[in-house]
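Chain by chain, the residues:
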Amino acid sequence: MHDPELALAIAAAHAAGAVLLRHFEGVFEVETKSSPIDLVTSADRAAEAVVLEALRSVHPDHSFLAEESGLSGHDPKYTVLPGPGELRWIIDPLDGTTNFAHGFPHFCVSIALCDAVGPRLGVIHDPIRGETFVAVRGHGARLERNARPGRALAVSRPERLQQALIATGFSYQRATTRDDNLAEFCRVVPRVCCVRRAGSAALDLAYVAAGRLDGYWEYHLQPWDVAAGALLVHEAGGQLRRLDGAPWQLGCADVVAAGPTLLPILLGELRAARIEAP
Ligand code: IPD
Ligand code: CA
Ligand code: CA
Ligand code: CA
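Reading guide: rules and limits
- Residues numbered from 1 in each chain as written.
- Chains lettered and ligands numbered in written order.
- Predicted model: local features only at pLDDT ≥ 70, side-chain atom pairs only at ≥ 80, totals over all residues.
- Heavy atoms only, no water.
- Helix = DSSP H or I, 4+ residues; strand = E, 2+ residues; numbered from the N terminus.
- Expected span 1.5 Å × (residues − 1).
- Buried < 20%, exposed > 50% of the residue type's maximum accessible area, 1.4 Å probe, protein only.
- Polar contact = N/O pair within 3.5 Å; in protein donor to acceptor, adjacent residues only side chain to side chain.
- Donors = N, O, S within 2.8 Å, 3.2 Å for Na, K, Ca; no water.
- Phe/Tyr/Trp six-rings, centres within 6.5 Å; stacked < 30°, edge-to-face > 60°.

- The name recorded for the chain in an unreviewed UniProt entry is Inositol-1-monophosphatase, from Nannocystis punicea.

Quick look at the structure:
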């Protein structure tokens, strides 16, 4: 499929990935944001500048929602998705900052192009592994390795929770909210094959799309954490819901993602955890 916007997004993600790798192997600064555990590095900012420059130089008429610089473009009020007829790029220049800051090699660049309906293309690039996960609405999802076209992605279809490898995450707000995910985590751990907390929501979703993970859930996510990953899951045959089972759309802060066989089972366990929580 030839799509100039997709080629642009992949090029921007690769350029930002190269910036991340240079910082990761060299020197970078670390600061805190909303709390002592919410980190930002000079690499987050440098990668975001590279993505914005690459996209803006081709599409000065689009708007941009990027984690470190917020919303820019012609829309004066904050809405996650653009208005009818408009296009908006949603960018997480470094998803997995805590990993990055500790030298733990699991992080990515996430870029989505959205219209008023939702994400129309998504690119998640892991510069450490040279893997680029790509999805285009209505055209499926695929994994490219070292810039070579790769295989189509499809979610897994386990029949039982006990067979499942599941990912989750714990947000920076966990100390200040009831939705700290601990009740859900304790409920799920003994019922599945294993749980992973790898530290990048975007890669968690990309791995669900690739069938490497059977499911994923998390609270308190931001649009840039999930915009590209949600499209990848959807285009790989998976489903997304809110934790109470309601339909999920970009802007919802909680998400459960899995293939069609596992999603209702996982949702049932997460619901049971909430009912039982003190
Ligand atoms: C974080 C990661 C992490 C998730 C957090 C996100 P960041 O994004 O995706 O896995 O648990 O909720 O905020 O700050 O590294 O871009
Ligand atoms: Ca993120
Ligand atoms: Ca980030
Ligand atoms: Ca962050």
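### With respect to helix 1 (residues 4-25)
- Its 22 residues place the ends of helix 1 32 Å apart at the C-alpha level, agreeing with the 32 Å of an ideal helix rising 1.5 Å per residue.
- Within the span of helix 1, buried status applies to L6, L8, A9, I10, A12, A13, A16, G17, V19, L20, H23 and F24.
- For helix 1, the N-terminal capping position is held by D3, with its side-chain oxygen 2.9 Å away from the main-chain nitrogen of E5.

### Side note on the coordination of the calcium ion (ligand 2)
- Those protein atoms acting as donors to the calcium ion (ligand 2) are D92 (OD), D95 (OD) and D225 (OD), and they sit at 2.0 to 2.2 Å.
- Within one chain, the residues serving as donors to the calcium ion (ligand 2) are arranged as D-x2-D-x129-D.

### Here's the deal with the packing of aromatic side chains
- In this structure the tally under the stated criterion is six aromatic pairs.
- Judged by centre distance (4.8 Å) and plane angle (55°), the rings of F28 and F100 are tilted. Linking F28 in the loop between helix 1 and strand 1 (30-32) with F100 in helix 3 (residues 97-101), this pair joins segments that are 72 residues apart in sequence.
- Taking the relative accessible area as the measure of exposure, F28 reaches 22% and is therefore partly exposed.
- Residue classification places F100 among the buried positions, given a relative accessible area of 0%.
- Summarising the aromatic geometry, the rings of F100 and F107 are spaced 5.0 Å apart at their centres and angled 70° between planes, so their arrangement reads as edge-to-face.
- Ring pairing ties together the aromatic residues F24, F28, F100 and F107, which thus form one cluster.

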